[in-house]
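So you can see what is in the structure, the chains are spelled out below.
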Number of protein chains: 2
Amino acid sequence: MTKYTIRKTDINKALKQADIICKRNGLRLTKLRQDVLSLILKEGGYVKAYDLLDELKKIDPSAKPPTIYRTLDFLLEHGFIHKLQSLNAFIGCSHPQDHKECYFLICNNCQKIEECCSKKINNVIKNTTSKNNFVPDQAVLEIAGTCQQCLN
Amino acid sequence: MTKYTIRKTDINKALKQADIICKRNGLRLTKLRQDVLSLILKEGGYVKAYDLLDELKKIDPSAKPPTIYRTLDFLLEHGFIHKLQSLNAFIGCSHPQDHKECYFLICNNCQKIEECCSKKINNVIKNTTSKNNFVPDQAVLEIAGTCQQCLN
DNA sequence: TTAGTTATGTTATAATATAACATTTATTTA
DNA sequence: TAAATAAATGTTATATTATAACATAACTAA
Ligand SMILES: [Zn+2]
Ligand SMILES: [Zn+2]
Ligand SMILES: [Zn+2]
Ligand SMILES: [Zn+2]
């Protein structure tokens, strides 16, 4: 299992990486998109769309719901952030590559989120669903429980 | 993998089973709760809360959002239905036992949902998260893709 | 009974998300 | 470059999903 945690020092790195990926793929990482991605990454944990909107308004007072949702759509589509379906919330991705194999550990106690990747889990899902003649495209796996720190 | 599909002939059986489980556990399966469960089961696939409310209003015109959400909460809590987090929708459970190990196959083409259980997937999740010192409580696993019928 | 609990009724509002159309900015092509 | 095209953003309005808060009713237990 690979384990990812975004540290404050990683934010600039993540932003630069996003910039590189966008340039490589002919995507426009506009100021708005950079600002929103930056706000999400700075948050550290997960963030709700309207809280994010409030933050964005401090930079751009004219921002409105479509501003944030359109930007979130772009960032989601290109893998710079993820949506946590069980929380209706968004979280930055610290390894924005083409990966559809990540899942999330959500601590019920401290609300910390851990994004993880596991080929093993992915393989089991593929094998199990294929026995059911189902061709998976995208899996949502969100595991709520208690994290290491909260166990002590 | 165990595969469950609710057939129309199963609805009465499911309702009776719910009744038995409630009696066994000192729960009150009131008329409202029966009506809502019945509407969900009749739907066959997944159902949105407000569509369900519209259906319920045909039986009880005074029904309002809290009516449906409170009833859904009861049915969810006791495992008679499940929530599909990635669709903000609800679906009946055809095997309402104490099971936290089910997951869902969602066909992007025909919208059919298949509820499945797999000890194997569950074990891999447990083993993988425990290596990360995380104690899982509840896992949301929703796999979107293409079902058997839509592949042909 | 009568108190306590659980369920439902009711009003209002919070929280999440999108439709539709206008304007601006960037990119392409003539 | 200039015009045409496409992509992004601005703006208003509204749709969708869900809960808070408090009143009343129905069950349960003593
Ligand atoms: Zn990621
Ligand atoms: Zn924790
Ligand atoms: Zn089930
Ligand atoms: Zn299908």
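Residues numbered from 1 in each chain as written. Chains lettered and ligands numbered in written order. Predicted model: local features only at pLDDT ≥ 70, side-chain atom pairs only at ≥ 80, totals over all residues. Heavy atoms only, no water.

S.K.: Quick one: what's the story with the interface of chain A and chain B, residue by residue and with numbers?
M.R.: When the parts of a complex come together, some accessible area is lost, and that lost area is often taken as the interface size. If you look at the interface, chain A gives 38 residues, while chain B gives 38 residues. Of the roughly 3,000 Å² buried at the junction of chain A and chain B (both faces included), carbon and sulfur atoms supply 63%. For the pair chain A and chain B, the interface holds 0 salt bridges. For the interface between chain A and chain B, the tally reads 10 residue pairs in polar contact (both at pLDDT 80 or more). When contributions to the side of chain A that touches chain B are tallied by element, the ones reaching two or more residues are β4 (102-107), β5 (113-117), α5 (119-131), β6 (135-146) and α6 (148-151) of chain A. Per element, the largest residue contribution to the side of chain A that touches chain B is 12 residues, and it comes from β6 of chain A. (Contact = heavy atoms within 4.5 Å. Buried area = accessible area lost by both parts, 1.4 Å probe. Salt bridge = Lys/Arg side-chain N within 4 Å of Asp/Glu carboxyl O. Polar contact = N/O pair within 3.5 Å; in protein donor to acceptor, adjacent residues only side chain to side chain. Helix = DSSP H or I, 4+ residues; strand = E, 2+ residues; numbered from the N terminus.)

S.K.: Please provide a residue-by-residue account of the relation of the copies chain A and chain B, values included.
M.R.: Between the two copies, chain A and chain B, the superposition gives an RMSD of 0.0 Å; the rotation angle is 180 degrees and the shift along the axis is 0.0 Å. Taken together, the rotation and translation relating the two chain copies correspond to the operation of a two-fold axis. Closest to the rotation axis within chain A is the C-alpha of Leu141 of chain A, separated from it by 2.3 Å. (Least-squares fit on C-alpha atoms with pLDDT ≥ 70 in both.)

S.K.: How would you sum up the protein's contact with DNA strand C? Please name residues and give values.
M.R.: What surrounds DNA strand C is a group of 17 residues, the closest being Lys48, Tyr50 and Lys83 of chain A together with Thr30 and Arg70 of chain B. Those atoms of DNA strand C that come within 4 Å of the protein belong to sugar or phosphate at a rate of 48%. Separating a phosphate oxygen of DNA strand C from a side-chain N or O atom of Tyr69 of chain A is a distance of 3.0 Å. The separation between a phosphate oxygen of DNA strand C and a polar side-chain atom of Arg33 of chain B is 3.2 Å. Elements with a contribution of two residues or more to the surface near DNA strand C: α4 (65-77) of chain A together with α2 (31-43) and α4 (65-77) of chain B. (Near = heavy atom within 4 Å.)

S.K.: Help me get a handle on the coordination of the zinc ion (ligand 2), residues and values and all.
M.R.: All names here are of chain A. Within the first shell, the zinc ion (ligand 2) binds the protein through Cys107 (SG), Cys110 (SG), Cys147 (SG) and Cys150 (SG), at distances of 2.2 to 2.4 Å. Here the donor residues for the zinc ion (ligand 2) map to a single chain with the spacing C-x2-C-x36-C-x2-C. With relative accessibility at 4%, the residue Cys147 sits in the buried group. (Donors = N, O, S within 2.8 Å, 3.2 Å for Na, K, Ca; no water. Buried < 20%, exposed > 50% of the residue type's maximum accessible area, 1.4 Å probe, protein only.)

S.K.: Explain the protein's contact with DNA strand D to me, using residue names and the numbers behind them.
M.R.: In the vicinity of DNA strand D lie 19 residues, with Thr30 and Arg70 of chain A together with Lys48, Tyr50 and Lys83 of chain B positioned nearest. Measuring from a base nitrogen of DNA strand D, one finds a side-chain N or O atom of Arg70 of chain A at 2.6 Å. Contributions of two or more residues to the surface near DNA strand D are made by α2 (31-43) and α4 of chain A together with α4 of chain B. Among the elements that line the surface near DNA strand D, the one with the most residues is α4 of chain B, at 4 residues. Residues belonging to the surface near DNA strand D are distributed by class as follows: 6 nonpolar, 4 polar and 9 charged. (Nonpolar A, V, L, I, M, F, W, Y, C, P; charged D, E, K, R; others polar.)

S.K.: So what's going on with helix α1 (residues 10-24) of chain A? Residues and values would help.
M.R.: Residue and element names in this part refer to chain A. End to end, α1 covers 21 Å across 15 residues, agreeing with the expected 21 Å (1.5 Å per residue, within 8%). For α1, the complete set of buried residues consists of Asp10, Ile11, Ala14, Leu15, Ala18, Ile21 and Cys22. Here the buried residues of α1 occupy an arc of 140 degrees about the axis, which is enough to place them on one side. Facing away from the buried surface of α1 by more than 90 degrees, the exposed residues are Asn12, Lys13, Lys16, Lys23 and Arg24. Where α1 is buried, its residues touch α2 and α4. Downstream of α1 by one or two residues, Gly26 has phi in the positive range, about 65 degrees. (Expected span 1.5 Å × (residues − 1). Arc of directions from axis to C-beta.)

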